[in-house]
Amino acid sequence: MNSPLDIADTGATRVWTINIPQAGNAITDKGFIAAFEAAVDDANADTAVGAVILTGAGKIFSAGGNVKEMADREGMFGLDALDQRRAYVDGIQRIPRALARLEVPVIAAVNGAAVGAGCDLAMMCDLRVASERASFAESFVQIGLIPGDGGTWFLPRAIGYERAAEMTFTGDRIDAATALQWGMVGRVVPHDELLPQSHVLAERITKNPAHAVRMAKRLMQESRTGVLESTLGMAAAMQPLAHRDPEHEARIARWRSQG
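To keep things clear, this report deals only with the structure shown in the data block.

Rules used in this analysis
- Residues numbered from 1 in each chain as written.
- Predicted model: local features only at pLDDT ≥ 70, side-chain atom pairs only at ≥ 80, totals over all residues.
- Heavy atoms only, no water.
- Helix = DSSP H or I, 4+ residues; strand = E, 2+ residues; numbered from the N terminus.
- Rg over C-alpha atoms; globule rule 2.2 N^0.38 Å.
- Buried < 20%, exposed > 50% of the residue type's maximum accessible area, 1.4 Å probe, protein only.
- Contact = heavy atoms within 4.5 Å.
- Areas by Shrake-Rupley, 256 points an atom, 1.4 Å probe, with all protein chains shown as cover.
- Pairing = 2+ DSSP bridges.
- Axes fitted to C-alpha atoms, helices over the stretch in contact; angles between N-to-C directions.
- Core = buried A, V, L, I, M, F, W, Y, C linked by side-chain atoms within 4.5 Å.
- Phe/Tyr/Trp six-rings, centres within 6.5 Å; stacked < 30°, edge-to-face > 60°.
- Disulfide = S-S within 2.5 Å.
- Right-handed = clockwise from strand over helix to strand, strands pointing away.
- Expected span 1.5 Å × (residues − 1).
- Arc of directions from axis to C-beta.

A word on the overall build of the protein chain. Across its full length, the protein chain carries twelve helices and ten strands. Computed over the C-alpha atoms, the radius of gyration of the protein chain is 19 Å, within 12% of the 18 Å expected from 2.2 N^0.38 for a compact globule of 259 residues. Over its C-alpha atoms, taken along the principal directions, the protein chain stretches across nearly 65 × 45 × 40 Å. Burial statistics for the protein chain: of 259 residues in total, 44% are counted as buried. Considering only contacts in the protein chain between residues 6 or more positions apart, those separated by 24 or more positions represent 69%. Of the roughly 13,400 Å² of accessible surface on the protein chain, 55% is carried by carbon and sulfur atoms.

The next point concerns the sheet that holds strand β8 (residues 135–137). The four strands are arranged β4-β6-β8-β9 in an open sheet whose pairing can be described as mixed. Both edges of this open sheet fall to β4 (60–62) and β9 (173–175), since each of them pairs with a single strand only. Looking at each pair of strands side by side, their axes are set apart by 20° on average, direction ignored. As judged from the three bridges shared by strand β6 (residues 113–115) and β8, these two strands associate in the parallel manner. Within β8, the position partnered with Ala 114 by the bridge is Phe 136. Strands in contact with helix α5 (residues 117–124) are β4, β6 and β8; relative to β6, the strand with the most contacts, it is inclined by about 100°.

With that settled, consider the nonpolar core. Where a protein is soluble and globular, its nonpolar side chains tend to be buried together. Trp 16, Phe 36, Leu 121, Phe 136 and Met 184 are the most contacted members of the largest nonpolar core, which has 47 residues in total. By size, the runner-up hydrophobic cluster in this structure holds twelve residues, among which are Val 15, Ile 107, Val 189 and Leu 201.

The next point concerns the packing of aromatic side chains. Considering all chains together, one arrives at three aromatic pairs under this definition. Ring centres of Phe 32 and Phe 36 lie 5.7 Å apart, and the angle between their planes is 40°; on these two criteria the pair is classed as tilted. Here Phe 36 and Phe 32 lie together in helix α1 (residues 30–45), a separation of four residues that amounts to about one turn. There is no split in this pair, since Phe 32 and Phe 36 are both buried. An angle of 70° between the planes, with centres 5.0 Å apart, marks the rings of Trp 153 and Phe 154 as edge-to-face. By the ring-pair criterion, three or more aromatic residues cluster together here, those being Trp 16, Phe 32 and Phe 36.

Within strand β7 (residues 127–131), four of the five residues are buried, which leaves it mostly tucked inside the rest of the structure. Sheet analysis places strand β5 (residues 106–110) next to β7, joined by four bridges and oriented parallel. The partner of Val 110 across the bridge, within β7, is Ala 130. When β7 meets strand β10 (residues 187–189), the two strands line up parallel, connected through three bridges. Counted as the bridge partner of Ala 130 is Val 188 from β10.

What follows covers the state of the cysteines. Counted under the stated rule, the structure contains zero disulfides. The thiol of Cys 119 is not disulfide-bonded; the next cysteine sulfur, from Cys 125, is found 11 Å away. A relative accessible area of 0% places Cys 119 in the buried class. Residue classification places Cys 125 among the buried positions, given a relative accessible area of 4%.

The buried count for strand β2 (residues 13–18) comes to six of six residues, which makes it a mostly enclosed element. Along β2, one buried face is formed by Thr 13, Val 15 and Thr 17 and the opposite face, lined by Arg 14, Trp 16 and Ile 18, is buried too. Strand direction decides the pairing type here: strand β1 (residues 5–10) and β2, joined by six bridges, are antiparallel. Among the inter-strand pairings, Asp 6 is bridged to a residue of β2, identified as Thr 17. Here β1 folds back onto β2 in antiparallel fashion, the turn holding two residues, of which Gly 11 has a positive phi close to 60°. Where β2 lies against strand β3 (residues 51–56), six bridges are found, and the strand directions are parallel. When the sheet's bridge partners are listed, Arg 14 is paired in β3 with Val 52. Handedness of the β2-α1-β3 crossover: right-handed.

Between the first and last C-alpha of helix α9 (residues 194–206) there are 18 Å, a value that for 13 residues agrees with the 18 Å anticipated at 1.5 Å per step. Residues Leu 194, Ser 198, His 199, Leu 201, Ala 202 and Ile 205 constitute the buried set of α9. The buried residues of α9 occupy one face: seen down the axis, they fall within an arc of 160°.

As structure tokens, then:
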């Protein structure tokens, strides 16, 4: 049986590929969520990993929830309201919590439609590169639902409240060009260049000392919710560790020799 999340390494870059194309790369299945959490923990533990690229197999990045299961009232969608609330906490909400503890930068390589929770998954990533074929929709309201995975937290932080509100309240889809204009993605590339260009971006990250990048990411995460004083305190505590890193000393010595 194929894994719902394929994992491959290229140098210091790890590629995660959602591999459930028969279900639109839906991310609500317990097996996928468990595999995703394990992938995060493995990347954190492996200091050789400097960046992660997240993409989808086939033509879709992720359709988010499994609409067929919703229609058939299967799995969590067949539970009563109280049990279903718990199922969200113990299910798909484990994904944003896992990404929040991922120590290395993660790049979403959006290869096609990113819909509902799939759109939110892309917004949870640090950086986003989109194929010209990509599209995005915060489509929950169109089937009478709300973002149950934290989308109302991530989307406004990516594109601002007004545009996030437009996407959330209408559920309408936007194309890759609009996503670029709105700041939802950092760049749009020809479809065949999506993974190569994502690797180029990852390599620009992984060429830097790994410990410094991991600490910088933690500070970036803290800055999203913390007050200035807490960020300053963390920076003051982390910087002496960076100063003692042999990689820092080697880079400074190289700079001195070139001067």
